[in-house]
Amino acid sequence: MSIERKTKIAAQFIGAIPYSQILGMTLTEIGEGRATITMPYDERFVGDPETGVIAGGAVSALMDSCAGAAVMVHDSQPIGTATLDLRIDYMRPAKPGDMITAVAECYHMTRSVAFVRVTATDADASRPVATATGTFTIQTAKAAKP
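Residues numbered from 1 in each chain as written. Predicted model: local features only at pLDDT ≥ 70, side-chain atom pairs only at ≥ 80, totals over all residues. Heavy atoms only, no water.

Ring pairs (aromatic) are described by centroid distance and by the angle formed between their planes. Counted by the stated rule, this structure contains zero aromatic pairs. Against the face of Y107 rests R117, its NZ or CZ located 3.7 Å from the ring centre. (Phe/Tyr/Trp six-rings, centres within 6.5 Å; stacked < 30°, edge-to-face > 60°. Lys NZ or Arg CZ within 6 Å of the ring centre and 35° of its normal.)

Moving on to the environment of S126. Inspection of the secondary structure puts S126 in the loop between β7 (113–121) and β8 (130–139). Note: C-alpha distance between S126 and M109 (17 residues apart in sequence) is 28 Å. One polar contact links S126 to D124, side chain to side chain, over a distance of 2.6 Å. (Helix = DSSP H or I, 4+ residues; strand = E, 2+ residues; numbered from the N terminus. Polar contact = N/O pair within 3.5 Å; in protein donor to acceptor, adjacent residues only side chain to side chain.)

A word on the pattern of salt bridges. In the structure shown here, the tally under the stated rule is five salt bridges. D42 is paired through a salt bridge with R44; the nearest N and O atoms lie 2.7 Å apart. Classification of R44 as exposed rests on a relative accessible area of 58%. A salt bridge links R92 to D122; the shortest N-O distance between them is 2.6 Å. Linking R92 in the loop between β5 (80–90) and β6 (100–109) with D122 in the loop between β7 and β8, this pair joins segments that are 30 residues apart in sequence. Taking relative accessible area as the criterion, R92 reaches 14% and is therefore assigned buried. Judged by relative accessible area, D122 falls into the buried class, the value being 6%. (Salt bridge = Lys/Arg side-chain N within 4 Å of Asp/Glu carboxyl O. Buried < 20%, exposed > 50% of the residue type's maximum accessible area, 1.4 Å probe, protein only.)

For the rest of this paragraph, the subject is helix α3 (residues 56–72). Helix length check: α3 (17 residues) gives 24 Å between terminal C-alpha atoms against 24 Å at 1.5 Å per residue, within 8%. Extensive coverage of α3 is indicated by the burial of 14 of its 17 residues. (Expected span 1.5 Å × (residues − 1).)

Of all six residues in strand β2 (residues 34–39), five are buried; the element is thus mostly enclosed. Linking strand β1 (residues 26–31) to β2, which pair antiparallel, is a turn of two residues; within it G33 sits at a positive phi near 70 degrees. Where β2 lies against β6, six bridges are found, and the strand directions are antiparallel. Across the sheet, the residue bridging to T36 is V103, located in β6. (Pairing = 2+ DSSP bridges.)

Next up, the structure:
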């Protein structure tokens, strides 16, 4: 599958999720089972007004969406996916005002399940804000036929 086709698929996937538009997510990179999505800082999504830190739910939504996009551009060419499980370890708060970037890799695929790793960072990419591992259902064109 060409990079143009993968970019189109991932962009459609992200565009179909209403909260990704509200959170301002932008697909910035796509590859073989890999995706990078950014989310700008937005005071509407601050979880603690005293510190200005973005709520963990917004970070988890970013990571989940990025993981799903990575699944959709895997070489096995699934036509659909849904989150089965997403385990997130929050390591530190993102710096208020910084954009958050999620990078996901779909590193293993079975007939019906995809396995993904995700890392979220702010401007200090050397210190993750959060990491996650997840499993996602996959629907393939073969499985979709009656």
